[in-house]
Each structure stands twice: as C-alpha cells, then as structure tokens.
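The primary structure of each chain is shown beneath.
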Amino acid sequence: MNKYAVFHKPDSNFAYASAGNRLTVILRVAANDKLDKVEILFNNKYRFTKKRFELEMERCAEDGVFAYYRADVTLPDSRFAYVFRITEKCKIFYFSEDGLKEDYEFELAYYTFFQFAFINRTDVMPIVEWTKTAVFYQIFVDRFARGDFEKDDDYINTPWDGNIDRYSFTGGDLDGVTEKLPYLDGMGVTALYLTPIFLSETNHKYNIIDYLRVDPQFGDEEKLARLLSAAHARGMRVMVDCVFNHCDRKHEFFRDAEEKGRQSKYFDRFLIDGDFPDYEKGNYAHFADCKYMPKWNADNPETRKYLIGIALEYLRMGFDGLRLDVADEISHETWRQLRREVKEKYPQALIIGEIWHDNEQWLKGDQLDGVMNYKLQKILIDYFGELSVKAEVAAGRMNGLLIANSGQANAMALNFLDSHDTPRFLRFAGGNRDRLLCALCAAVMFPGMPCVLYGTEIPLDGGGDPDCRKPFDWNFQNGSEEFAANFKAVLGLKKQRALTGERAEITAENGLLKITRTADGESVTAYFNTSGRAKKADVGGDVILGLNFKDGKILNDGAVVVKNIKN
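Note that the structure is predicted; figures quoted are calculated from it, not measured. (Residues numbered from 1 in each chain as written. Predicted model: local features only at pLDDT ≥ 70, side-chain atom pairs only at ≥ 80, totals over all residues. Heavy atoms only, no water.)

## Focus on helix 4 (residues 221–233)
Stated precisely, the cut-off is as follows: Only DSSP runs of H or I covering at least 4 residues are called helices, and only runs of E covering at least 2 are called strands; the numbering of each starts at the N terminus. Expected helix span is taken as 1.5 Å per residue step, with the number of steps being one fewer than the number of residues. Note on classification: 1.4 Å probe, protein chains only; a residue is buried when its accessible area is under 20% of the maximum for its type, exposed when over 50%, partly exposed between these limits. The reported arc concerns the directions from the helix axis to the C-beta atoms and nothing else.
Helix length check: helix 4 (13 residues) gives 18 Å between terminal C-alpha atoms against 18 Å at 1.5 Å per residue, within 8%. Considered for burial, the residues of helix 4 that qualify are Lys223, Leu224, Leu227, Leu228 and Ala231. The buried residues of helix 4 occupy an angular sector of 135° when the element is viewed end-on, so they sit on one face. Structural note: helix 4 exposes Glu222 and Ala233 on the side pointing more than 90 degrees away from its buried face. Just downstream of helix 4, glycine 235 is the residue with a positive phi angle, here 80°.

This is the structure in structure tokens:
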C-alpha cells in the first residue's frame, strides 16, 4: 500500500455534516492499491475507547491517481470520533491522526482519533429544496426576445437579424421574456437566469449606474413585477445577476468621489490610489482593464451594508436567487455576511457564485450555495466537444470534481455547456449536434442543476463575445423537429427521482463514459460513446432515452439512458 497516498481531513470535503447526526466521511488511497476492505470504526467521542461501531466503506470514485472510499455514518449523537481500518492481503492497518500503523491503542484513542467534535446546526449545509429538480435557462435580455414595440427604441442600432458587435443593441426586453414563458415552460425549463437588467449604458448591463432602477431599454419595475408573477404562476424560479464587484463610473457614489476626492463621504467605498480618482491614469481598482468599471471596496462596512441591502431588495422584489458576478474578487467575509442576512429572511433563496477555478473555499456552507460549474464545462468540452480526452480521463476528472466539494455544494452547482462569456458549445463540437445533445445529457446526469444558454435548443453557433450573444432566431431557420424533440427529452431526465440525490457513480466501461445516479430505490444510468465507432452496450433496465442508439448498440456520438427500480 502506498502510505503516502492515504489521506483524510476532518471538517472538510473529506468529512462534512449531512444532517444533525450524520457525517459523510471519505478516505483517499492510491488508485492502484488493491485493498481487501476499508472500514470506519466510529462512535461518540466520549465512548469510543470502550465501544465502536464498524461499517465497511464503499469504493466510490477514482480520478486516475487516487481512489476514494465513502461512508455515511449516523449516531444518536452529534459528537463523532473515528479511525479507519484497512485490510490489504489479509494484513490489517489503522489510519488515524497518528498516521498509518499496523496496530492501534484504543485505550488512548482520545489522543489520535479523527473527530468531528460537535455537529452544530450551522455546520450542516442545507440544500435549497427547489434546486433538486431545477432546469435553468440563461437569458441575455437584449438578445432573447422583444415584447414592447411602443418603447423608445432610438437606442437600437442593429437589426434583430443583423451582424452584431460589442456595441450592438437589438431591442430584447422583459416583456419579450414574459411572452416566451409558455415556450420555455413547454421545453421543460423551471428556472430563469437573467443577466443584469438594471440601469446601464451597455447592452450587457454589467456596469450598473443604478442598482434599483430597471433599465428603460428592458422595461420598468412594473414590467419586472409582471414577469416575476407570470414565472411564479408557472412554477418557475428567477435568478438575477448581481454585479457587486464593480459598478459604472457614472454611479452617483463614484461621481461624488471624482468631484470631491477625499472629501467625499463615498471616497472609501472604492480603492483609490491618490487624493482623487483619475480616469486617464486609472489610479483606482477596476474590473479587468475596464476603467469605466470602478471596483467597490466591499470591505468598507458602509459599502458592504449597501450591497447586501441591494441583494435583500432583489429578493423582496420576488427574485428567487442571486448570481454573484466575479465572486472570487470579493472578500470571503463579505459573502459570509451576505449569506447570513439573506438566509435569515429568505432561506430558500439560492446563492450562486461566478468562480472559474478552484472553489472549495467558498463552498463550506458559510458563503455560497453553489458555483457556475466551469470545471465541468471544460471536461464536457474536452470529451464531447473537441474529443481531446478518452472516457477514462473524463470519468477521472469528473470524480475529482465531485470529491473536491460536499455533496450539498455539488447538488447546487450550475452545470452548463456555454455561457454569455464563452464560445457556444456547438463551436467546440465543430457543428456536431449529436455531440451537443450528448454533452447536455451528461450535464443533466451530473449532480447539480443543468443550465441552458438561450438559443442552444435551435442550436445557435458562435465564437467568443460578441459572437456567442447573437439574437435568438425565432424563425427557427436552423432548427429541426428531431433535434428539438431530443433536446426536450434530455431536459426531461431531470424529472427522474434518481437525479434528485447528491451522489453519482462515474466510471468508464468498454470505452464508454458511464454516469449512474441513484435515489429512493431508483437508479438511472447513462452511457456515452465518442470513441469513433459503434459500441455494444449491455445496459439492462428500461431504455428511457436513446441518442444514436440502435439494436443494442450506441453509435458514435451517441448515448443511451436506462432506468432500474429496486424492489
């Protein structure tokens, strides 16, 4: 056994509370170690030396380097102590805080056992209940649909079917979204993610001038209320994009700082190097290289109060979730305070952060509920889009992604193929619609909430910004009935009871990527084939979805999903 690979850490993604008296515990070992058995010995930490419960752990995942064993342990108490017993070739080892040893002094275990000293209520990260069946649809409002043809449209500078650039305005608005709710409902969408809708001079609205005034290009507060009411009447949730990292230079607070310098009561709301902010010099923190987007000093107590107040106002308006833009550039303490205040008043409000890279430090239950799952997107691009990795590699990377966070955080991740910030998935797939459907199916099967970028169902193609932000083609010139039917069927998988749980078993078999979800006695398994040739699949169960699946074979760029119910 490779003793250097054996790893565990309490109160982390390797041991986290999943209920008031239940721990999920994970042990890491080398993937190539052939172990006979891995067990967890556990009890109340004050009784552990005298008596221990024993439970065999399940080998739940491999990532190509390591293998992981998991157990969900429950006590009529909330004070856990535990050690691991590993059997290899009939030889027994114990693993504790004292490392890997061939014997263990249980009489003195209180010095070296692993412990979760006490599961406090706030140690348990709850899952927002409605997310278990959520299917999101992201809408870039200016490009989705126009519903108001009486508004002042002098700002529109590009025809709906014209060639767009970064400065194009095409006329989409909130009335357009409201009118298309029946269409979205019919496709199986249960939640909307709206990019920013408040006063701004750009088409994307990520440089906000007034956080509480709906941009007149999109409508007004009454039209927003109508949209929220209509969505809720259909059982749809709505998440709003919150731009709390930065604002527009024309925001009243920054204008005051420009005018008065250090004499402005808002000077410390920003990060300014000097006595006055100087636009030409850019002597203040700002988003990326955009000097017109000054960065908030969110560690200033008054700034933090202001931004959290806006978040609470959005929820009071009727929004069901907050998508936090550039979440990784704002302090952890700001998000902790926002979460405390939001969850106190709106416990079922969803908090999603935009974090492209490692994200576990935001997902401990004290800040975000979940993140936009860019790491999964890259795996899907590599396996289904660019065909640059095989099934074994894709499975390993997916498992590594799941192990990095708690089951609750994984369950509330936003799983997407593309966004307004990335090229369309169809571009990565070289226009191959079959691989697009398979990738979407994998995003639905993976723990979390699938999220479709508007127009994917047509499907829209496009490179990076602004090409990925083309207006929706309501003439469906490139669509097909077969593609639309398969698209809807893939989203419909989210209704399966097995997909409401937190866990997934992901492996590679015979060159196929295999994802299995199980909950409440129901199991759903998807097999994916990008090998370049047809593969025989001994799938068993009832086939509930076939994409390029014929006569028991999964054709290249195909998938099959089967369902089993345990008696």
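## Some words on the side chain of threonine 131
Operational definition: Two residues form a contact once any of their heavy atoms are found within 4.5 Å.
Counting through the fold element by element, threonine 131 comes out in the loop between strand 10 (114–116) and strand 11 (136–139). By relative accessible area, which is 0% here, threonine 131 ends up buried. In this view, threonine 131 contacts Leu350, Met412 and Met449; residues no more than four positions away in its chain are not counted.

## With respect to helix 7 (residues 332–345)
It helps to recall that an α-helix has 3.6 residues per turn; residues three or four apart then point in one direction. The end-to-end C-alpha separation of helix 7 is 20 Å, in line with the 20 Å expected for 14 residues at 1.5 Å each. For helix 7, the complete set of buried residues consists of Thr334, Trp335, Leu338, Arg339, Val342 and Lys343. Down the axis of helix 7, the buried set is contained in an arc of 140°. They therefore lie on one face. Tucked into the core, helix 7 has its buried residues touching helix 6 (301–317), strand 16 (321–324) and strand 17 (350–353).

## Considerations on the environment of leucine 315
Here leucine 315 shows up in helix 6. On the accessibility criterion, leucine 315 (5% relative accessible area) is buried. Taking the C-alpha atoms as reference points, leucine 315 and alanine 145, 170 residues apart in sequence, are found 24 Å from one another.

## Here we look at the pairing of strand 21 (residues 505–509)
What counts here: At least two bridges found by DSSP between two strands are what make those strands a pair.
With five bridges joining them, strand 21 and strand 22 (residues 512–519) adopt antiparallel strand pairing. Opposite alanine 508, over in strand 22, you have leucine 513 as the bridge partner.

## So, the packing of helix 8 (residues 374–385) against helix 9 (residues 391–403)
A pair of packed helices is captured by two measures, namely the crossing angle of their axes and the spacing between those axes. Here is the rule we go by: Whenever a helix is involved, its axis is fitted only over the stretch in contact; in every case the axis is a line through C-alpha atoms, and angles between N-to-C directions fall within 0 to 180 degrees. Here is the rule for angles: anything less than 35 degrees is roughly parallel, anything more than 145 is roughly antiparallel, 65 through 115 is roughly perpendicular, and the remaining ranges are oblique. Following the grouping adopted for this structure description, the nonpolar residues are Ala, Val, Leu, Ile, Met, Phe, Trp, Tyr, Cys and Pro, the charged ones are Asp, Glu, Lys and Arg, and the polar ones are all others, Gly among them.
Packing of helix 8 against helix 9 brings their axes to within 10 Å, and their N-to-C directions diverge by 175°. Here helix 8 is positioned roughly antiparallel relative to helix 9, judged by the angle of their axes. Of the residues in helix 9, those touching helix 8 at Lys375, Leu376, Lys378, Ile379, Leu380, Asp382 and Tyr383 are Ala391, Ala394, Arg397, Met398 and Leu401. Residues that form the contact of helix 8 with helix 9 fall into these classes: eight nonpolar, no polar and four charged.

## Concerning unusual backbone geometry
Looking along the chain, the bond that leaves isoleucine 458 and enters proline 459 is cis, with omega of 0°. Residue placement: proline 459 occurs in the loop between strand 20 (449–453) and helix 13 (481–492). We note that lysine 89 has phi near 50°; this positive angle belongs to a residue other than glycine. Residue placement: lysine 89 occurs in the loop between strand 7 (80–88) and strand 8 (91–96). Backbone geometry at asparagine 510 places phi at a positive 55°, although glycine is not the residue there. Within the secondary structure, asparagine 510 sits in the loop between strand 21 and strand 22.

Just geometry here; none of it tells us what the structure is for.
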